[in-house]
Amino acid sequence: MVYAICAIIKDEHPYLKEWLDYHFNLGFNQIYLYEDYNSKSHKSITDNYKNVFLSNLEQFEIENSANTKKQSELYNKFLKVHKELNDIDWCAFIDIDEYIDLTDGYTLNKLTDEYRGYAGVYLSWKMYGANGYVERPKGGIVESYTKECPKCDDSNKWNFKSFVNIHKAL
């Protein structure tokens, strides 16, 4: 199985290495990153990974428009291209400040095996807020931000991230 992530990035340098390592350790095989307009290049970080593919939105012919429109346009084009190429099985569409958390003994293989007949799975998410920090802590994101935002508990219960079965999408 080929598990991929597709994300738009903009000046995410301080967090990118930790985010990439975290998701490769979960079992993702490929990560496709699209730099937003006027972003400083992340190439110095991504060049250290053989399965990270860095492009910019202009190369993918995505308009410089509202963020949600950019994301929707990129994700739809990405799905169409990779469905035709038949080079990815499942793809998560998340942001660089978001980490997939598999619990209850789930792995990517177990999750996709259980839902192989479906076009996708919604992954719910939690918000962690500032965790009392005024400035960025010296430690990594995962070790530093451990407390859920108390005011965010129910406000985001209908927010989710998509993990899409490319063969059944569209």
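Draft legend 1. Local environment of the nonpolar core. With 24 residues, the main nonpolar core has Trp19, Leu20, Phe28, Leu33 and Phe163 as its most contacted residues. Secondary structure elements with two or more residues in this core: β1 (3–9), α1 (13–26), β2 (30–35), β4 (90–93), α4 (108–114) and β5 (120–124). It is β1 that contributes the most residues to this core, four residues altogether. When sequence neighbours within four positions are dropped, the list of residues in contact with Trp19 reads Ile5, Ala7, Ile31, Leu33, Ile94, Asp95, Ile96, Glu98 and Tyr99. One finds Cys6, Tyr34, Tyr37 and Ala169 within the second-largest nonpolar core, a separate group that totals 19 residues.

Draft legend 2. Summary view of the pairing of β5. In β5, alternate side chains face the same way, and those of Val121 and Leu123 are buried while those of Gly120, Tyr122 and Ser124 on the opposite face are not. For β5 and strand β6 (residues 160–165), the ladder comprises five bridges, and the chain directions are antiparallel. Across the sheet, Leu123 pairs through a bridge with Lys161, a residue of β6.

Draft legend 3. A look at the state of the cysteines. Within the structure shown, the criterion is met by zero disulfides. This cysteine, Cys91, is not joined by any disulfide, and Cys6 carries the nearest cysteine sulfur, 5.4 Å off.

Draft legend 4. Unusual backbone geometry, seen in detail. One non-glycine residue, Asp104, lies in positive phi territory at about 55°. Looking at where Asp104 falls in the secondary structure, it is placed in the loop between β4 and α4. Residue classification places Asp104 among the exposed residues on the basis of a relative accessible area of 69%. At Asn131, a residue that is not glycine, the phi angle is positive and equals roughly 55°.

Draft legend 5. Structural view of the side chain of Lys161. Residue placement: Lys161 occurs in strand β6. A relative accessible area of 18% means that Lys161 is categorised as buried. Here the side chain of Lys161 touches Glu98 through a polar contact of 3.1 Å, side chain to side chain.

Draft legend 6. Representation of the pattern of salt bridges within the structure. Overall, the coordinates contain seven salt bridges when judged by the stated rule. The salt bridge involving Lys70 is made with Asp36; its shortest N-O contact spans 3.0 Å. Of this pair, Lys70 sits in helix α3 (residues 67–85) while Asp36 is found in the loop between β2 and α2 (43–46), placing the two residues 34 residues apart along the sequence. Look at Lys70 and you get buried, because its relative accessible area is 7%. For Asp36, a relative accessible area of 10% translates into the label buried. Here Lys161 makes a salt bridge to Asp95, at a shortest N to O gap of 3.9 Å. In this pair, Lys161 is assigned in strand β6 and Asp95 in the loop between β4 and α4, connecting sequence segments 66 residues apart. Via salt bridges that share partners, Asp95, Glu98 and Lys161 belong to a single interconnected network.

What counts, and where the lines are drawn
- Residues numbered from 1 in each chain as written.
- Predicted model: local features only at pLDDT ≥ 70, side-chain atom pairs only at ≥ 80, totals over all residues.
- Heavy atoms only, no water.
- Core = buried A, V, L, I, M, F, W, Y, C linked by side-chain atoms within 4.5 Å.
- Buried < 20%, exposed > 50% of the residue type's maximum accessible area, 1.4 Å probe, protein only.
- Helix = DSSP H or I, 4+ residues; strand = E, 2+ residues; numbered from the N terminus.
- Contact = heavy atoms within 4.5 Å.
- Pairing = 2+ DSSP bridges.
- Disulfide = S-S within 2.5 Å.
- Polar contact = N/O pair within 3.5 Å; in protein donor to acceptor, adjacent residues only side chain to side chain.
- Salt bridge = Lys/Arg side-chain N within 4 Å of Asp/Glu carboxyl O.

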